[in-house]
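The chain contents come next:
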Amino acid sequence: DRRGHRDLVYELFLAYEVEKKRLNAYDISDLVHHLWQRLLKTPYSGTPIHALFVDETQDFVQAELRLFLHICTNKNDTFFSGDTCQTIASGVGFRFEDLKLLFRAEQESERREAEATNTHVAHPVAIPRVKNLQLNYRTHNGILSAAAGVVDLIECFFPSSIDILPRERGFFDGPKPLLLEQTNVDDAAVLIVGSDKKHSQIEFGAHQCILVRTQEAKKHLPEDFGGCLAMTILESKGLEFDDVFLWNFITDSRAEHEWRLVLSYLVQGDDDAELNALEQERAKVQNKDVSGMLRLLDFAEHQHQIFCEELKHLYTAITRARVRVIIYDEDVRKRAPMFHYLQRRDLVQTLAFFTADSYVPMAVQSSVDEWRMQGKNLRDNGLYQLAAKCFRQSRDEELELESYALHLSCRKAVELQGKERRMCFFEAGEKFLHVGQGVKAARCFYEAGEFDLAG
């Protein structure tokens, strides 16, 4: 483009390829390309796949989906499910309307092959029907209404990034998300774990979690949250909890002035009532930085793409909850536009001030069995470190050691190099050995360079 961004992106791509080669690594695109090249030379001859079921379809790139279709013998016996508002995986932009293009490509490939071989296709590939699921049995209308308010913004500013669908409704009503408007960090801690930290502090439960925007944000959580399940929104995908505490989402957001676009949505069509409400809100604010964020922003799609990503993360975070969502942000300036939007549309309940004596803590204690069940759930989803924390609560020492060993060998070690990487694998090997998993221990010792121990 005119600003030279394309050249910059290409330079970054070349640098990425150089680093990948240096690490002797590959990514998902390399894997899919390699498989395609093999299939072009030698047709698939493995176990016949007659039907295909794909969940969380929005997390796959089209090349992966086309690969799945290619090896399925009956392409009309396929089932895809997902939510395009949850397309938060890096490098993926998916819509179910785009999925139809893959079937059209299969139709064209099938037609050409039939013409070349002069054969008749008994069961030609058909374009699948898209079925919209409008009734949500997992959560209630209080949470779904707030999520729909985020979807409204995506549909308005980035309509081509999602499938435009009828509004989802819940099977029952429930409380709106709770917005902590003027509380500081200590107040938020009181809200969760109670005020008497020495004698009656309530532990965070197995069905509750704190969601943060980045891995770095986990390190800055208050000490009172040490026993909680804290994860990024990307890590939480596919999981669900009774209560979700959304911590500093806007504060840690990569978007800055882009949040002012929500104000432009409110006053679209020169809505006098909303313009007056915004003017009154701006007049109440004494801080000039905050009042500056309460001004309209003209939308430019190419400049504000980051906002689409942030909205999809926010939607995903809100919909992780079954019962309650509590939203806290300490950056008064950055949060001002979104807080105003949520309040004006009556999507949240605002808690401006509370006292420790008048509010019941959010934290709810869980049983040993509940912690164990959640630990197994997180382990099955590859969140080994959080699983280890759950097993510690359920007092399952072997499961805790095994989960932490999996975290060291499958997650932490791959991010390290040299001596630190070898030490990480060695520690994992010791833990695997302690719980009687000799094969996994041997693999770790081999990676650590301890060949005698590896046997």
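Scope of this entry: the structure provided in the associated data block. As the structure is a prediction and not an experimental result, all values here were calculated from the model.

Section: the pairing of strand 9 (residues 321–328)
Now for step 1: In the sheet, strand 5 (residues 178–180) pairs with strand 9 via three bridges, with the strands oriented parallel. Each residue of the ladder has a partner; that of L178, found in strand 9, is I326.
Now for step 2: When strand 8 (residues 241–247) meets strand 9, the two strands line up parallel, connected through six bridges. Along strand 9, the bridge assignment pairs D243 with R324.

So, the layout of surface pockets
To find leftover empty space, one rolls a probe the size of a water molecule over the atoms.
Now for step 1: Here the largest pocket defines a volume of roughly 1,400 Å³.
Now for step 2: The wall of the largest pocket is formed by 45 residues, among which G82, D83, K131, L133 and L165 lie closest to the centre.
Now for step 3: Listed by contribution, the elements that provide at least two residues to the lining of the largest pocket are strand 2 (78–80), helix 4 (96–117), strand 3 (135–136) and helix 5 (141–157).
Now for step 4: If you tally residues by element for the lining of the largest pocket, the top one is helix 5, at six residues.
Now for step 5: Residue composition of the lining of the largest pocket, by class: 19 nonpolar, 11 polar and 15 charged.
Now for step 6: The calculated volume of the second largest pocket comes to roughly 770 Å³.
Now for step 7: Every element with two or more residues in the lining of the second largest pocket is listed here: helix 7 (215–218), helix 15 (384–393) and helix 16 (397–412).
Now for step 8: With six residues, helix 15 is the single largest residue contributor to the lining of the second largest pocket.
Now for step 9: Broken down by class, the residue content of the lining of the second largest pocket amounts to 12 nonpolar, six polar and nine charged.

Points about helix 2 (residues 28–41)
Now for step 1: Relative to the 20 Å expected for 14 residues at 1.5 Å per residue, helix 2 spans 20 Å between its end C-alpha atoms, a close match to the ideal helical length.
Now for step 2: Listed in full, the buried residues belonging to helix 2 are V32, W36 and L39. Projected down its long axis, helix 2 carries its buried residues within an arc of 65 degrees, all on one side. Structural note: helix 2 exposes R38 and K41 on the side pointing more than 90 degrees away from its buried face.
Now for step 3: Looking at the buried positions of helix 2, the neighbouring elements they touch are helix 3 (62–71).

Considering the sheet that holds strand 8
Now for step 1: Reading across the sheet, the six strands line up as 7-6-8-9-5-10 and stay open at both edges, with parallel pairing between neighbours. At either end of the open sheet lies a strand with only one pairing partner, and these are strand 7 (230–232) and strand 10 (349–351). Recorded for the sheet is a direction-independent mean angle of 25 degrees between the axes of neighbouring strands.
Now for step 2: Contacts between helix 13 (residues 332–344) and the sheet are confined to strand 5, strand 9 and strand 10, with strand 5 contributing the most and set at about 145 degrees to the helix.

Re the packing of helix 3 against helix 4
Now for step 1: At their nearest, the axes of helix 3 and helix 4 sit 10 Å apart, and the two run at 45 degrees to each other. As summarised for this structure, helix 3 and helix 4 are arranged oblique, according to the angle between their axes. For the pair helix 3 and helix 4, the crossing hand works out as right-handed. Across the interface between the two elements, Q62, L65, R66, L69 and H70 of helix 3 pack against D98, L99, L102, F103, A105, E106 and S109 of helix 4.
Now for step 2: Taken together, the residues that form the contact of helix 3 with helix 4 break down as six nonpolar, three polar and three charged.

Brief notes about the packing of helix 2 against helix 3
Now for step 1: Axis separation between helix 2 and helix 3 bottoms out at 10 Å; the angle between their running directions is 30 degrees. Relative to helix 3, the element helix 2 lies roughly parallel. Considering only the axes of helix 2 and helix 3, their crossing is left-handed. Contact with helix 2, carried on its side by I28, V32, L35, W36 and L39, involves A63, E64, R66, L67, H70 and I71 of helix 3 and no other residues of that element.

Some words on a nonpolar patch on the surface
Now for step 1: A contiguous nonpolar surface patch, about 410 Å² in accessible area, is contributed by Y10, F13, L14 and Y16.
Now for step 2: Among the secondary structure elements, Y10 is positioned in helix 1 (residues 5–22).

As for helix 13
Side chains three or four residues apart in an α-helix point the same way, a direct result of the helix having 3.6 residues per turn.
Now for step 1: For helix 13, spanning 13 residues, the distance from its first C-alpha to its last is 17 Å, which sits close to the expected 18 Å at 1.5 Å a residue.
Now for step 2: Looking at helix 13, one finds that the buried residues are K334, R335, A336, P337, M338, F339, H340, Y341 and L342.
Now for step 3: A distance of 3.1 Å separates the backbone nitrogen of R333 from a side-chain oxygen at the start of helix 13, and that oxygen is part of D331.
Now for step 4: D346 occupies a position one or two residues after helix 13 and carries a positive phi of about 55 degrees.

Considering the environment of G375
Now for step 1: Looking at the secondary structure, you find G375 in helix 14 (residues 368–380).
Now for step 2: A residue is classified by how much of its surface remains accessible, and G375, at 0% relative accessible area, is buried.
Now for step 3: Between the C-alpha atom of G375 and that of K288, which follows or precedes it by 87 residues, the distance is 47 Å.
Now for step 4: Here G375 is in contact with A387, C390 and F391, once residues within four sequence places are set aside.

Each value, and the rule that gives it
Residues numbered from 1 in each chain as written. Predicted model: local features only at pLDDT ≥ 70, side-chain atom pairs only at ≥ 80, totals over all residues. Heavy atoms only, no water. Pairing = 2+ DSSP bridges. Helix = DSSP H or I, 4+ residues; strand = E, 2+ residues; numbered from the N terminus. 1 Å grid on protein atoms, 1.4 Å probe; cavity = no way out; pocket = protein on both sides within 12 Å on 5 of 7 lines; lining within 4 Å. Points joined across faces, edges and corners; volume = space filled by probe spheres on them. Nonpolar A, V, L, I, M, F, W, Y, C, P; charged D, E, K, R; others polar. Expected span 1.5 Å × (residues − 1). Buried < 20%, exposed > 50% of the residue type's maximum accessible area, 1.4 Å probe, protein only. Arc of directions from axis to C-beta. Contact = heavy atoms within 4.5 Å. Axes fitted to C-alpha atoms, helices over the stretch in contact; angles between N-to-C directions. Parallel < 35°, antiparallel > 145°, perpendicular 65-115°, else oblique. Left-handed = near helix turned anticlockwise from the far one by under 90°. Patch = residues over 30% accessible without salt bridge, like charges linked within 9 Å, V, L, I, M, F, W, Y side chains within 5 Å. Areas by Shrake-Rupley, 256 points an atom, 1.4 Å probe, with all protein chains shown as cover. Salt bridge = Lys/Arg side-chain N within 4 Å of Asp/Glu carboxyl O. Polar contact = N/O pair within 3.5 Å; in protein donor to acceptor, adjacent residues only side chain to side chain.

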